[in-house]
Amino acid sequence: MCPTLYVLTGPTAVGKTELALAWAEQNGAEIVSCDSLLFYRGMDIGTAKPTREELARVRHHLVDVVEPHEPMDVARYVEAARQAVEDCLARGAPVLVVGGSGFYLKAFFGPVTDEVEVPEAIRLRVRETEAVGGVAKLRLDLEALCPDGLDGLDLANPRRVARALERTLASGKTYRQLRDAFAKLPGPFARFAVQLAVLDRPPEELDARVRQRVEAMLAAGLVDEVRRLRETGFERNPSASGAIGYRETLAVLRGEAPASTLAAEIAANTRALVKKQRTWFRTQLPPHQPRHPESVAVESLFQTASPTQ
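Brief notes about the pattern of salt bridges
Scanning the model with the defined rule gives 22 salt bridges in all. Here Arg191 and Glu86 are joined by a salt bridge, their closest N and O atoms 2.7 Å apart. Of this pair, Arg191 sits in the loop between helix H7 (175–183) and strand S5 (193–198) while Glu86 sits in helix H3 (residues 74–90); the two residues are 105 residues apart in sequence, bridging distant segments of the chain. Owing to a relative accessible area of 46%, Arg191 belongs among the partly exposed residues under this scheme. Glu86 sits in the partly exposed class, given a relative accessible area of 35%.

Have a look at this one:
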């Protein structure tokens, strides 16, 4: 029988942490984080990282594993997550994956990286192209190399267009050829059976919880946390310093925005993120029925749960 991974997700502020802790305690499980910001040490308040007490209740993996100035990408995450999962299985502990970071989450359901190696010279060439002509020039160059079309590529997203151009140049294949080959690859967790639970709340409930979370973060010292992080050089890492809560606070500390609107800005950007997350879960995850956290009994969170083999 295939070993089983249990995956719990849902939008920011939906209430994943407490339900995850309760299920893990009830089933003797360990938690593997799938939150792209919990990796970073010192980024505690703005990420709503589990408290020391919560971390002590259940063994966690991939929390506080890199410094905030260090880059973290999906390939590095997959390698670390696979090791964490194997460690859990070696101890006979069920694995509960918890988080709402879509690209990282996708690794548990299919491929997220391929075998195309992009030389630094090509990366530099693409960066120079973007610097001169922006995403419009990237798109023109990519279209010239891909006469069979660019269906499925977000052409308004500079990062994705640049990445597609890099890989097309490096491989000599068109975007469609790369996409079709990628779809046939096994995912990094293909040998596992995956059980999925998705939490959700009505929009007005989530809005209220977001406001409460932002107020709590500011009261707990988010501004001071960002001041400390600046001393570590975290602004060199756009994934960390550009995260919601941190980028708005940085703007205030740099004198680019007034402190009086900080809470409102963070809340508005978090609501926008929640909207994107809900769309992503609906369109990118396997078919599922979202469930309200307060209507789910811990023992039925995964309705057909079976022990990890």
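Now that the structure has been shown, the text picks up again.
Observations concerning unusual backbone geometry
In this model, Ala48 sits at a positive phi of 55°, which is unusual for a non-glycine residue. As for its placement among the helices and strands, Ala48 is situated in the loop between strand S2 (30–33) and helix H2 (52–57). Note on Ala48: relative accessible area 29%, which makes it partly exposed. One non-glycine residue, Leu62, lies in positive phi territory at about 65°. Tracing the backbone shows Leu62 in the loop between strand S3 (60–61) and H3. The class for Leu62 is buried, based on a relative accessible area of 10%.

Some details on the side chain of Glu166
Along the chain, Glu166 turns up in helix H6 (residues 158–171). For Glu166, a relative accessible area of 11% gives the class buried. Beyond its immediate stretch of four places on either side in the chain, Glu166 contacts Val118, Ile122, Arg123 and Val126.

Some points on the nonpolar core
Counting 69 residues, the largest nonpolar core has Leu8, Tyr77, Leu96, Phe108 and Leu301 as its most contacted members. Of all the elements, H3 adds the most residues to this core, at eight residues. Filtering out sequence-adjacent residues up to four positions away, Leu96 remains in contact with Tyr6, Leu8, Ala20, Trp23, Ala24, Glu30, Ile31, Val32 and Phe302.

Overview of the pairing of strand S4 (residues 95–98)
In S4, alternate side chains face the same way, and those of Val95 and Val97 on one face and Leu96 and Val98 on the other are all buried. Relative to S4, strand S1 (residues 4–9) runs parallel, the two being bridged by four bridges. Residue Leu5 lies in a different strand from S4, and its bridge partner there is Val95. Across four bridges, S2 lies against S4 in parallel orientation. Residue pairing across strands places Val32 opposite Val97, the latter belonging to S4.

Scoring rules and cut-offs
Residues numbered from 1 in each chain as written. Predicted model: local features only at pLDDT ≥ 70, side-chain atom pairs only at ≥ 80, totals over all residues. Heavy atoms only, no water. Salt bridge = Lys/Arg side-chain N within 4 Å of Asp/Glu carboxyl O. Helix = DSSP H or I, 4+ residues; strand = E, 2+ residues; numbered from the N terminus. Buried < 20%, exposed > 50% of the residue type's maximum accessible area, 1.4 Å probe, protein only. Contact = heavy atoms within 4.5 Å. Core = buried A, V, L, I, M, F, W, Y, C linked by side-chain atoms within 4.5 Å. Pairing = 2+ DSSP bridges.

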